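Geometric and topological summary
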Amino acid sequence: MEGEVLRDDQGARIEPFVPGGRKGRRGPRSNGRRFVDALLWMARSGGLWRDLRERFRPYQTAKRRYYRWIEMGVLNRLFEAVAAEPIWNG
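Notes on the structure follow. (Residues numbered from 1 in each chain as written. Predicted model: local features only at pLDDT ≥ 70, side-chain atom pairs only at ≥ 80, totals over all residues. Heavy atoms only, no water.)

1. Describing the overall build of the chain
- On a plain count of helices and strands, the chain comes out with four helices and two strands.
- In the chain, the succession of α and β elements from N to C terminus is α-β-β-α-α-α.
- Looking at the chain as a whole, 33% of its 90 residues qualify as buried.
- If you take every contact in the chain between residues at least 6 apart in sequence, the share linking residues at least 24 apart comes to 56%.
- Working note: accessible area of the chain is about 6,600 Å², and carbon and sulfur atoms make up 49% of it. (Helix = DSSP H or I, 4+ residues; strand = E, 2+ residues; numbered from the N terminus. Buried < 20%, exposed > 50% of the residue type's maximum accessible area, 1.4 Å probe, protein only. Contact = heavy atoms within 4.5 Å. Areas by Shrake-Rupley, 256 points an atom, 1.4 Å probe, with all protein chains shown as cover.)

Structure representation (structure tokens):
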């Protein structure tokens, strides 16, 4: 899994840009950091949604969240923050 998962310091730096919390109306919220890891895996591998690794599944859920985050502007804010202060070095 090396290179596919954000380190703790990287995850902490993007946390303010990732929606969600500890508990939603229907129980615990899903892991936003794991979803970002799934997006990174998709970008690096060039894979399709249905090719997501087992730990990122179900792929339909990830795909729905991806489009929802686009509509909400989450990915734009996240990318702007990363571009302003890259977290991927070192």
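2. Some details on the environment of Phe35
- For Phe35, the location among the structural elements is in helix 2 (residues 32–45).
- In the structure, Phe35 is positioned 21 residues away from Phe56 in sequence and 7.1 Å away in space, judged by C-alpha atoms.
- With residues up to four places along the chain from it excluded, the contact list for Phe35 reads Ala62, Arg65, Tyr66 and Trp69.

3. Things to note about helix 2
- The terminal C-alpha atoms of helix 2, which comprises 14 residues, lie 20 Å apart, in line with the 20 Å expected from a rise of 1.5 Å per residue.
- Of all the residues in helix 2, the buried ones are Gly32, Phe35, Val36, Asp37, Ala38, Leu39, Leu40, Trp41 and Met42.
- Residues of helix 2 that are buried sit in contact with helix 1 (8–14), helix 3 (59–72) and helix 4 (74–84).
- Where helix 2 ends, the next residue or the one after it, Gly46, has phi of about 75 degrees, a positive value. (Expected span 1.5 Å × (residues − 1).)

4. Focus on the packing of helix 3 against helix 4
- Packing of helix 3 against helix 4 brings their axes to within 5 Å, and their N-to-C directions diverge by 75 degrees. Taken together, the axes of helix 3 and helix 4 lie roughly perpendicular to each other. Contacts from Tyr66, Trp69, Ile70 and Met72 of helix 3 reach helix 4 at Val74, Leu75 and Arg77.
- Counted by class, the contact of helix 3 with helix 4 contains six nonpolar, no polar and one charged residues. (Axes fitted to C-alpha atoms, helices over the stretch in contact; angles between N-to-C directions. Parallel < 35°, antiparallel > 145°, perpendicular 65-115°, else oblique. Nonpolar A, V, L, I, M, F, W, Y, C, P; charged D, E, K, R; others polar.)

5. Side note on helix 4
- For helix 4, every residue scored as buried is listed here: Val74, Leu75, Leu78 and Val82. Buried residues in helix 4, looked at end-on, bunch into an arc of 90 degrees, giving them a common side. Exposed positions of helix 4 whose direction lies more than 90 degrees from the buried face are Asn76, Glu80, Ala83 and Ala84.
- Residues of helix 4 that are buried make contact with helix 1, helix 2 and helix 3. (Arc of directions from axis to C-beta.)

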